Amino acid sequence: MSKKVADVLWEMLAKAGVKRCYGIVGDALNPVVDALRRNGAIEFVPVRHEEYGVFAAVAEAYFTGNPVVVCGTAGPGVVHLFNGLMDARKEAAPVIAIAGDVESSIIDTSTLEELNPYKFFETASLYTARLVNPEQARAVINTAILTAVLEKGPTVLSIPGDVASADAPGQPTDFTIAAPAILRPSDTDFEKLVRMIDEAKTVAIFGGDGCREGREEVVELGRKLKAPVGYSFRGKQWLEHENPNAVGMTGLMGYGGAYNALHEADLLLMLGTDFPFSEFLPGASVKKVQIDKNPKHIGRRTALDLGLVGDIKSTVSALLPAVCEKTDGEFLARQIAHTESFHKLLQHYVEKGPAIKPIRPEFLAATLSEFASDDAMFFADTGTACIWLARHIYGGRNRRLFGSFSWASMANAAPNAFGCALAYPGRQCIALSGDGGFTMLGMGDLLTQIERRTPVVQVILNNEKYDFVHIEQQEAGIIPFGVEFKNPNFAKVAEAMGAKGIRIEEPEDVREGLAEALAYKDGPVVVDAVVDPLALAMPSHSPFHTVKGFTLSFAKQVLSGRLDTVIKEIERNVGIV
């Protein structure tokens, strides 16, 4: 029996290191999925919603570095892939989408479920191909794989069923994935960088996800320069732990001395970060250098004195022996003291948590961090879950933290955790889910976890509202509206579906409930934690417009008859910064 085009597809994907394909089958995909069955080397993970499958794939691909496949059938199934592929692009995850397409003989006739993959995926995909001739197969599959792996992002192969089931030409299916190239600035720019560092009395470092492979080098550079090291949300898991110079995050989720360090230094080194909130970056009073392997990131968030293209590991490795060690540690000591002071403030509701009802989310998150294993993987839904992850979930050499940090989609945490539970069997995979996010996407595919007995721990922040949107409306100076909803008892729902359910309503039950959830290994757990809906978390530095917005919102709420709500919110947040 001759090979079909779909056979060639899976053969090449398996050689590229693909272990799993997430998705939902359908008529346009039937020849592709039948070839997947014949191949046998790649596991098919059927999900209830294609978007859930893509978010699972994003987390798996991001952490393993291996390409992961997702699939959806023509039209509506393909559309459901889009949001997750946008997340893959923003988080730099090598995800390859197999999109079902209408028969090649009726392309461009506006038939049922037809869409133009080039136009539709233009924003989300680094490379999109429509396979309309078997002769294309090897070339376009090769390009989709290499683009996803080497450029770190999503690609799309749109395949009509008749082409997938056609005989493949007798072409070799072997290919080579080159190792990442070493990328360093030019000698002239490098020498200028060294001079700027040596001439600066004080230096601060602000690192992002680009420090992932160069963590040790960045920490050593901070030590040599007596430089405080701040980090973006995506940089937290690489630069926070075992770093004596760590001073926390800046931004609206910021904590510690990062904001002050960035604004008070003579020179700021921005390493592997595309931090998007320009209002938290210093102005012309601070000299700024940005180093990033992506040229498009250079200078787009703030004006620079020097922009350099290079990967962080090789650039900082070369920089370490070239710069002079600094001896004055007063600047660093001041920022560390500020950070330690802020950390004490952060413990206010953690220490008082056992006696406060409703449950404070700070206490819940800190207890979860304390009880979780040293190699646990944490995933946070976009919203206030990210605040508690940033401030109260502590990383470590073997811990991992992830979310839709650059795309900020809702409902990512549960599928992220599911994908990594499959990729890393035996490790704790913990989703810190918002109640809105869990009901949006996580609840339906809890059935997928149950079928596979996947031990994912989902901790739901049950406050019956889109809490982060509520805060955003207050920041904007308006009365919160359209953010509240009613929830079921998630623990009972989970039990009815076949999962383990734990409901925590009393603060004295937090420790026992979380310990029970983390100890359960026979399938998924849903922890329904009823938390304070009025809990707030202010950053270490609040821009004037944020403070003004809250003040204006409170005033409007009082004038509209919501004085009791304002008083309760103030009473329950006495200890915040």
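Preceding this section is the structure that the text describes.
So, a few notes on the structure that sits alongside this text. (Residues numbered from 1 in each chain as written. Predicted model: local features only at pLDDT ≥ 70, side-chain atom pairs only at ≥ 80, totals over all residues. Heavy atoms only, no water.)

### Quick notes on the overall build of the protein chain
What counts, and what does not: Secondary structure elements are taken from DSSP: a helix is a run of H or I of four residues or more, a strand is a run of E of two residues or more, and numbering for both begins at the N terminus. Three labels apply to residues, based on accessible area from a 1.4 Å probe with only protein chains included: buried if under 20% of the type maximum, exposed if over 50%, partly exposed otherwise in between. Here, residues are in contact when the closest pair of their heavy atoms is within 4.5 Å. Surface accessibility follows the Shrake-Rupley procedure with a 1.4 Å probe radius. Residue values consider only the protein chains on display as shielding. Positive residues here are Lys and Arg, negative ones are Asp and Glu, while His and the chain termini are left out of the count. Where a charge lies is defined by one atom per residue type: Lys uses NZ, Arg uses CZ, Asp uses CG and Glu uses CD.
Each helix and strand counted, the protein chain has 25 helices and 18 strands in total. Taken along the three principal axes of its C-alpha coordinates, the protein chain extends 75 × 65 × 45 Å. When each of the 577 residues of the protein chain is scored for burial, the buried share is 57%. Restricting the contact set of the protein chain to residue pairs at least 6 apart, pairs at least 24 apart contribute 75%. A total of about 22,600 Å² of accessible surface is found on the protein chain, and carbon and sulfur atoms cover 54% of it. With 57 positive and 71 negative side-chain charges, the protein chain shows a separation of 3 Å between the mean positions of the two kinds.

### Considerations on the nonpolar core
How we decide: The definition of a nonpolar core used throughout is a set of buried Ala, Val, Leu, Ile, Met, Phe, Trp, Tyr and Cys residues joined through side-chain atoms within 4.5 Å.
One finds Leu-85, Leu-269 and Phe-379 to be the most contacted residues of the largest nonpolar core, which totals 111 residues. Among the elements that line this core, the one with the most residues is helix H3 (residues 50-64), at 10 residues. In terms of nonpolar packing, the next biggest core, distinct from the first, is built from 36 residues, Trp-10, Ala-16, Leu-36 and Leu-157 among them.

### Things to note about unusual backbone geometry
At the junction of Lys-357 and Pro-358, the peptide bond is cis and its omega measures out at 0° in the coordinates. Summarising the element assignment, Pro-358 is placed in the loop between helix H15 (348-351) and helix H16 (361-371). For Lys-152, which is not glycine, the phi dihedral falls at a positive 55°. Looking at where Lys-152 falls in the secondary structure, it is placed in the loop between helix H7 (137-151) and strand E6 (155-160). Although it is not a glycine, Lys-226 sits at a positive phi angle of roughly 50°. Mapped onto the elements of the fold, Lys-226 is located in the loop between helix H10 (215-225) and strand E8 (229-231). Owing to a relative accessible area of 22%, Lys-226 belongs among the partly exposed residues under this scheme.

### Things to note about helix H23 (residues 510-519)
Note the threshold: Here, the arc refers to the directions that run from the helix axis to the C-beta atoms.
Every buried residue belonging to H23 is among Val-510, Gly-513, Leu-514, Ala-517 and Leu-518, and all of these are buried. For H23, the angular spread of buried residues about the axis comes to 125°, placing them on one side. The exposed set on the far side of H23, more than 90 degrees from its buried face, consists of Glu-512 and Ala-519. Residues of H23 that are buried sit in contact with H16, strand E15 (429-434), strand E16 (456-462), strand E17 (500-504) and strand E18 (525-530).

### Brief notes about the packing of aromatic side chains
Counted only if it meets this: Centres within 6.5 Å make a pair out of two Phe, Tyr or Trp rings, where for Trp the six-membered ring is used; the pair is then stacked when the planes are under 30 degrees apart, edge-to-face when over 60, and tilted otherwise. A ring is scored as having a charge over it whenever the NZ atom of a lysine or the CZ atom of an arginine sits within 6 Å of its centre and within 35 degrees of its normal.
Considering all chains together, one arrives at 16 aromatic pairs under this definition. With centroids separated by 6.4 Å and ring planes inclined at 80°, the aromatic side chains of Phe-63 and Phe-379 adopt a geometry described as edge-to-face. Taken together, the residues Phe-63 in helix H3 and Phe-379 in strand E13 (residues 377-380) connect sequence positions 316 residues apart. Between the aromatic rings of Tyr-466 and Phe-485, the centroid separation amounts to 4.8 Å while the plane-to-plane angle is 65°, which identifies the pairing as edge-to-face. Note that Tyr-466 is positioned in the loop between E16 and helix H21 (467-475) and Phe-485 in the loop between H21 and helix H22 (490-497), a separation of 19 residues in sequence. An aromatic cluster is present here, built from Tyr-62, Phe-63, Phe-233, Phe-379, Phe-402 and Phe-405 joined pairwise through their rings. Of note, Arg-360 hangs over the ring of Tyr-349, and the distance from its end group to the ring centre comes to 3.6 Å.

### Focus: the sheet that holds strand E11 (residues 287-292)
Basically, it comes down to this: In this analysis, strands are considered paired if DSSP registers two or more bridges between them. Axis definition: a line fitted to C-alpha atoms, over the contacting stretch in the case of helices. Angles run 0 to 180 degrees between N-to-C directions.
Spatially, E9-E8-E7-E10-E11-E12 is the arrangement adopted by the 6 strands of the open sheet, whose pairing is parallel. One side of each edge strand has no neighbouring strand; the edge strands of this open sheet are strand E9 (246-249) and strand E12 (306-309). Mean inter-strand twist for the sheet, computed between neighbouring axes without regard to direction, equals 20°. Sheet topology note: the strand E7 (residues 203-207)/E8 ladder contains 3 bridges and is parallel. Across the sheet, the residue bridging to Ile-205 is Val-229, located in E8. Contacting E7 and E9, helix H14 (residues 330-346) crosses the sheet at an angle of about 50° to E9.

### Things to note about the state of the cysteines
A disulfide bridge is the covalent bond that connects two cysteines by way of their sulfur atoms. Note the threshold: Cysteine sulfur pairs qualify as disulfides if the two atoms are within 2.5 Å.
For the coordinates displayed, the defined rule picks out 0 disulfides. No disulfide involves Cys-21; its sulfur sits 3.8 Å from that of Cys-71, the nearest cysteine. Of the residues examined, Cys-21 reaches a relative accessible area of 0% and is grouped as buried. Counting only cysteine sulfurs, Cys-429 is the nearest neighbor of Cys-420, a cysteine outside any disulfide, at a range of 5.7 Å. Here Cys-420 falls in the buried class, since its relative accessible area comes to 0%.

### Things to note about the sheet that holds E18
Spatial strand order, E14-E13-E15-E16-E18-E17: 6 strands in an open sheet with parallel pairing. Whereas interior strands pair on both sides, the edge strands pair on one side only; in this sheet they are strand E14 (400-403) and E17. Pairwise comparison of adjacent strand axes, ignoring direction, gives a mean angle of 20° for this sheet.

### With respect to the pairing of strand E1 (residues 20-23)
To keep things clear, this is the line we draw: Crossovers are described as right-handed under a simple rule: with the strands pointing away from the observer, the path leading from the first strand over the helix to the second runs clockwise.
On E1, burial covers both faces: Arg-20 and Tyr-22 on one face and Cys-21 and Gly-23 on the other are all buried. The sheet contact formed by E1 and strand E2 (residues 43-46) spans 4 bridges and is parallel. Bridge pairing in E2 links Gly-23 to Pro-46. Regarding the hand of the β-α-β motif, the stretch spanning E1, helix H2 (residues 30-39) and E2 is right-handed.

### Digging into the pairing of strand E10 (residues 267-271)
Burial within E10 is extensive, with 5 of its 5 residues counted as buried. Taking every second residue as pointing to the same face, both faces of E10 are buried, with Leu-267, Leu-269 and Leu-271 on one and Leu-268 and Met-270 on the other. In terms of strand pairing, E7 meets E10 through 5 bridges, oriented parallel. If you follow Val-203 over to E10, its bridge partner there is Leu-267.

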